[in-house]
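Secondary and tertiary structure notes
Take a look at the letters that make up each chain.
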Amino acid sequence: MEKNSMEEFQRSTVPRKNVIEFRPPLYKQRYFFVKDIVNQYKPKKVADLGCGNATLLCMLKFHSCVQELVGVDLLMDRLLDWNSDKLSPSIGDHLGPRDLDLSIVLYRGSAVEKDSRLLGFDLITCIELIEHLDSEDLAKFPEVVFGYFSPGMVVISTPNSDFNPLFPASTFRNSDHKFEWNQTQFQHWASNVAKLYSYTVEFTGVGAPPPWAKHVGYCTQIGIFKKKQPDPGSWILAKPTGSRVSEPEEHAYQVVFTASFPSLQQKHFLLFVLCTEVLKEVEAIRQKYVWIMKRKESSEPESEEDTDSGLVRRPGLFLTDAQVAQIEKSPKPYSVGKRFYVPLKRLIGYPKVNRLVADVSTLRTLLAEGIPMRLNRAHTSVQIDLDPYDYPHDYR
Amino acid sequence: MSGRARVKARGRARSPSPADAPSVPSSSLPTSVDISASEASSTGDFAGTSRISQTRKYGVSPGDARCPFIQRSGKSRRDFTDLDVCTREKLAHVRDCKTGSSGVPVKLVTNLFNLDLPQDWQLYQYHVTYVPDLESRRLRIALLYNHRELSNKAKAFDGVILFLTQKLEEKVTELSSETHRGGTVKMTITLTRELPASSSVCIQVFNIIFKKIFKKLAMYQIGRNFYKPSEPVEIPQHKLSLWPGFAISVSQFESRLLFTADVSYKILRNETVLEFMTDLRQETTMSCFTQTCEKRLLGLIVLTRYNNKTYRIDDIDWSVKPTHTFQKQDGTEITYVDYYKQQYDITLSDLNQPVLVSLLKTKRNDNTEPRVAHLIPELCFLTGLTCQATSDFRLMKAVAEETRLSPLGRQQRLARLADDIQRNKDARFELETWGLHFGCQVSLTGRVLPSEKILMQDHVCQPASAADWSKDMRNCKILSAQSLNKWLILCSNRAEYVTENFLHCLRRVGSSMGFNVDYPKIIKAQEDPAAFFSAVQKHVNPDVQLVMCILPSNQKNYYDTIKNYLNSFCPVPSQCVLTRTLNKQGMMMSVATKIAMQMACKLGGELWAVEIPLKSLMVVGIDACKDEVSKGMVVVGFVASINPGITRWFSRCILQRTATDVADCLKVFMTGALNKWYKHNHGLPARIIVYRNGVGDGQLKTLIEYEVPQLLSSVTEASANTSSKLSVIVVRKKCTLRFCMEMSRSLQNPPLGTVVDSEATRPDWYDFYLISQAACRGTVNPTYYNVIYDDNGLKPDHMQRLTFKLCHLYYNWPGLISIPAPCQYAHKLTFLVAQSIHKEPSLELANSLFYL
């Protein structure tokens, strides 16, 4: 589907008189609208029908709540190779893995064809899609999306023809549009659909009209459909119901792209991130320890810095007072000869470590697997050299 | 609505975020409206999006477009131009045969693979036009790909130029296709060229095919290499991740098309700029924190984790905090915190961090003010290893342990890769449709050159191992040495005892090698760089033969200030030694021996020689590198032998302001060297052979057009009648080719002196590979030699053997080295100047190897 049509462009080229310009551009406002919905409802599984070149998906992949992203479009060919890099995990995704898994799948297919792989979604978006459907397809559309896919939530956007008189051109906004509805037409259609498939619907939009033409409504009208739940008023993430699962698998869509992102749910990445964080933390504690030791040696007057909390607090480490108190209570780091030790019980108090593992025994098990050489014999502390630069140097 | 407008609208839509990092106009510019900037980021199999519009704009007819597919990275493009330079055809004596004959044949396994093509294989290049004209590349390609006429043919298409392996029946083919909107588009496909497999365009297409295949193998492309993120090697204690992978290319070798794959590792740093800053904050006081921070960070390349782009840190703005607002390109104001939350669902943890400033490169060469991007340190990963990291012995050891593969380990990786390519269904399909067959690994025959004898003053030794003959020359006298009578030792009070001890050893080993070392004047100084420097200033005068400084630490400013002063202001040879080195128990004699030899060289002495059959030969080494401090400066070093025995050297170095590593001053240097030679030998050298090191990709043509003429003109001007004959050889230490020798069912590095001058070489060049250094661990890297100019007309065999001989003559190491000694001297000289002196060394030192 060719959406994000030339409306923005058109608008910026019309004479200065009565110029209607949207800032940010309308297509962006639509995408940000969806992002807001995602922020608000935190869906796990999101599908975009008529995803075009997957721009919306590229924006949604950043949301930490989203674990499954699907795009469906008719025109999805080898051209995708150019955009696929943006949907694939990048170096940054490997170095700083997400908390939760994320998989992205793109299908070639039509929004009026059933495919069982789109069952059980929390949110399905159809941004500027329906106006491209001919009457036959439009008739099939509700049954497929609402009846069959039946997601927890559907967001449908379409041009509002009430707004069109404000534009110089009197035709449709895009030559491929089969129709452009006014507010009444859209709301009528949407309400019927909602009623038929037990959804509630509310109407909103993006692209507010100028003050002198308030009556025309938003330039893009949007319907937000929420599936009615047995317990009214609560919006629950959709789950594939038993009856759905037992339905025969229908695979009308063709997979054109898949990507799976590294995450902390995958043990390999958890191990790597944990070991790195622990060693970073231990190194920072060591530096502070050495610094305090040196100050004591030079017998400068004791200051508040030399107290235990001085050892805990460091620049760049954000701790609440409660966290500081917690760490202060735990076993202290110590040195024996040229080795420096930080007890695991102390490490677990640091939020960056605690975020990854909940308890000391898990921490111990993982570290024993990831950096066995850095654990002391009893597996109670992480050990490093007190002075890592104390090694022989070659002469020049 | 014109098609152009439509594309423009879509173009905007394709990149919803105008700049993925909030970019703010630089202060003097009120607003910036560069929307398309982020579009260039789209990566593709073919040219970037911009390419099409360019082709159109200039109305290039595809028939004469030399390289229709322009690679995204400029590097590969430059490579092609290197290969386009045909030097061999001008060298009559090697036109028919460039292989040598001496030495023992040895069978070698390479990292090259056969790519088999049917005999009559050709690539057909077509030009495609559309009626009505379509601006959308996406649509153009979609329509063509989906047309049934072409659907099951192997093809590559960038929107304008189409490549097929099967010829269409007609020279001009008309196809029509329906868009999904119901319109009809007519496509006219016109044959413009038929290309043989060896043409450079075909090779580009092959490289594109392999790029595709590697993506199919779940490899991640960084630069020109492909890495496997699924199998990382992690070194958490150094915050590093290593991704194993390959540097790959397809190119035309001596007689065949071959695929090269060399094992490569990508080093990724798991450290954000914020973490780096907080570590630094802990190390330094607040007063010098910002300064140190800037010193360490400016110029580094960072990777933003959210959009996978790299930026150079040009500045740090300490006054801007993440809670401050900036103006988005649509004019609205937003705080950095909100922007990242909204755009990327990222919550910033440190609200007091400053922002990094990066100047954005503008594609267009118009005069618009450069735009800057503000980056949040917390979201920027450091990339590459800083010089601080590379000097961290433990870190480098950890990296080396993981990345240094033995010949066998390397072979196993290659075998697995070949297996993957052959087994992967998609990869195989891709190859098959193009008619390509991924063949077996190439083996070839090299030759091991005879070993060299080392000539000492009264002794000729045949070293047990050419890699290190220090034991063989124990108690042998060096060729010549000036007696050291008037010299100074500068040391700290604490180091007095070790210094005395060391001096004793030095005098002993000196006398046994024939180098008389008298007792020096010992000066004691405070342990402080300034105190050392002022002691040097106070006590050194031009009568002093040599100054030895026993440095308390390897802090750079001790070394740099002393070297700077003694190399340019008060030219006296100097020798710096670390106290720590002298404290090594049981090593004193060998340390003293090495230092005694260096000192002898710095006084103009000669250590050893090899037999040089050519009676009047001058060899020259040239190297160039960028200055460490002033980035726009290039340091060019020139070292020439000034006696027939090739034991004495004339060394010059200059700093020039240019963007490239091409030398400007060679005429002056060469004339100077010829004058020196004339003074010492009462005539001019019959032959001059120049080894040029430090040449980057794609500079070959410039070298031939710019450097060779400089050398030639000074040679011809030097004498009215018969001038010296000149040869110029480009030396490359880095090449992706590897050779291994099969040995009792395992693989080993080939013996020292192995030459390869067939099959793995290039048809248009007079080139060869020589393995002249030993690698005790890992796989040896052969050095590649390309003779780009040759008046001497030496037989290839003699050229190879002479090159091998010259690898024996580096006086800082009693053994073979990887490149000819003059090159290594030039390298050492440029390194010293680029790292420490940043100034032209005094001419008074030019006659000795003062920089060893």
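Calculation criteria
Throughout, a residue's number is its position along its own chain's written sequence, starting from 1. Written order determines the labels here, with chains lettered from A and ligands numbered from 1. Owing to the predicted nature of the model, reporting of local features is limited to residues with pLDDT of at least 70; listing and counting of side-chain atom pairs is limited to 80 or more, with chain, interface and lining totals taken over all residues. Calculated side-chain values reflect all of the structure's heavy atoms, with hydrogen atoms and water omitted. We count a stretch as a helix when DSSP gives it H or I for four or more residues in a row; a strand needs E for two or more, and each element gets its number in order from the N terminus. Throughout, exposure labels follow a simple rule: accessible area from a 1.4 Å probe, protein chains only, divided by the maximum for the residue type, with under 20% read as buried, over 50% as exposed, and the rest as partly exposed. Note on areas: Shrake-Rupley with a 1.4 Å probe; residue coverage comes only from the protein chains shown. Whether two strands pair depends on DSSP finding at least two bridges between them. Each domain's limits were defined by an automated method or a database of domain assignments. In this analysis, two residues are considered to be in contact whenever any of their non-hydrogen atoms come within 4.5 Å of each other. Buried area, as used here, totals the accessible surface that two parts lose on assembly, with accessibility defined by a 1.4 Å probe and the loss added over both. Note on definitions: salt bridges are taken to be side-chain nitrogens of Lys or Arg within 4 Å of carboxyl oxygens of Asp or Glu. By the criterion applied in these results, polar contacts are pairs of N or O atoms within 3.5 Å in which, for protein atoms, one can donate a hydrogen and the other can accept it, and in which residues neighboring in sequence qualify only through two side-chain atoms. Along the arc lie the directions from the helix axis toward the C-beta atoms. A pair of aromatic rings is counted whenever rings of Phe, Tyr or Trp (Trp by its six-membered ring) have centres within 6.5 Å, and the orientation is called stacked for planes under 30 degrees apart, edge-to-face for over 60 and tilted otherwise. Should the NZ of a Lys or the CZ of an Arg lie within 6 Å of a ring centre and within 35 degrees of the ring normal, that charge is described as sitting over the ring. In this description, a nonpolar core means a group of buried Ala, Val, Leu, Ile, Met, Phe, Trp, Tyr and Cys residues linked to one another through side-chain atoms lying within 4.5 Å.

A tally of regular secondary structure across chain A gives 14 helices and 11 strands. A burial count over chain A gives 58% of its 396 residues as buried. Accessible surface computed for chain A: about 17300 Å², of which carbon and sulfur atoms make up 53%.

When a strand is regular, its side chains alternate between the sheet's two faces. Residue and element names in this part refer to chain A. Among the 5 residues in strand β10 (residues 339–343), 4 count as buried, and that is most of the element. Bridge analysis of strand β9 (residues 334–336) against β10 gives 3 bridges, and the strand direction is antiparallel. Bridge assignment links V336 to a residue of β10, and that residue is R339. Taken together, β9 and the strand that follows it, β10, pair antiparallel across an intervening segment of 2 residues, in which G337 is found at a positive phi of about 60 degrees. Note: β10 against strand β11 (residues 381–385), 5 bridges, orientation antiparallel. For Y341, the partnering residue across the bridge sits in β11 and is Q383.

Another aspect to go through is the domain arrangement of chain B. Residue and element names in this part refer to chain B. Domain annotation for chain B reports domain 1 (122–196), domain 2 (203–404), domain 3 (481–603) and domain 4 (616–735 + 787–845). The C-alpha-based centres of domain 3 and domain 4 are spaced at 30 Å. Contacts between the two partners involve 15 residues from domain 3 and, on the opposite side, 13 residues from domain 4. Summing both sides of the interface, domain 3 and domain 4 together bury roughly 1100 Å²; the carbon and sulfur share of this comes to 59%. Taken as a group, N564, N567 and P571 account for 36% of the area that domain 3 buries against domain 4, more than any other trio of residues on that side. Scanning the region where domain 3 abuts domain 4 turns up 0 salt bridges. Our enumeration of links across domain 3 and domain 4 arrives at 4 residue pairs in polar contact (both at pLDDT 80 or more). At the level of secondary structure, the elements contributing two or more residues to the side of domain 3 that touches domain 4 comprise α16 (556–569) and α18 (588–602).

Now for the side chain of A:D48. Residues and elements named next belong to chain A. Turning to its location among the elements, D48 is positioned in strand β1 (residues 45–49). The buried category is assigned to D48, whose relative accessible area is 0%. Within the local environment of D48, its side chain forms a polar contact with the side chain of T125, the two groups lying 2.8 Å apart.

All names here are of chain B. The element strand β26 (residues 546–551) is extensively covered by neighbouring structure, given that 6 of its 6 residues are classed as buried. With burial as the criterion, each face of β26 is covered, one bearing L546, M548 and I550 and the other bearing V547, C549 and L551. When strand β24 (residues 487–492) meets β26, the two strands line up parallel, connected through 5 bridges. When the sheet's bridge partners are listed, W487 is paired in β26 with L546. Note that β26 and strand β27 (residues 574–578) share 5 bridges and pair parallel.

Residue and element names in this part refer to chain B. Every buried residue of helix α9 (residues 336–344) is accounted for by Y336, Y339, Y340, Q343 and Y344. Taken around the axis of α9, the buried residues stretch over an arc of 90 degrees, which confines them to a single face. Directly beyond the C-terminal end of α9, a positive phi value near 55 degrees is found at D345.

Under the defined criterion, the tally for this structure stands at 47 aromatic pairs over all chains. Judged by centre distance (4.8 Å) and plane angle (50 degrees), the rings of A:Y289 and A:F340 are tilted. Pair noted here: A:Y289 is in helix α9 (residues 267–297) and A:F340 is in strand β10, with a separation of 51 residues, a long-range link. Just as A:Y289 is buried, A:F340 falls in that class too. Grouping aromatic residues by their ring pairs yields a cluster made of A:F62, B:Y306, B:F326, B:Y336, B:Y339, B:Y340 and B:Y344. The aromatic ring of B:F289 is capped on one face by B:R281, whose charged end is 5.9 Å from the ring centroid. One cation-aromatic arrangement involves B:R762 over B:F253; the distance from NZ or CZ to the ring centre is 4.4 Å.

All names here are of chain B. Judged by nonpolar contacts, the single largest core of 111 residues is most densely connected at W487, F515, M548, W608 and Y825. When residues are assigned to domains, this core turns out to be shared by domain 3 (481–603) and domain 4 (616–735 + 787–845), each giving three or more. In contact with W487, not counting residues within four places along its chain, are L503, L506, V517, D518, Y519, P520, K521, V544, L546, M548 and M599. Within the second largest apolar cluster, 51 residues are counted, among which are V85, L258, F669 and V728.

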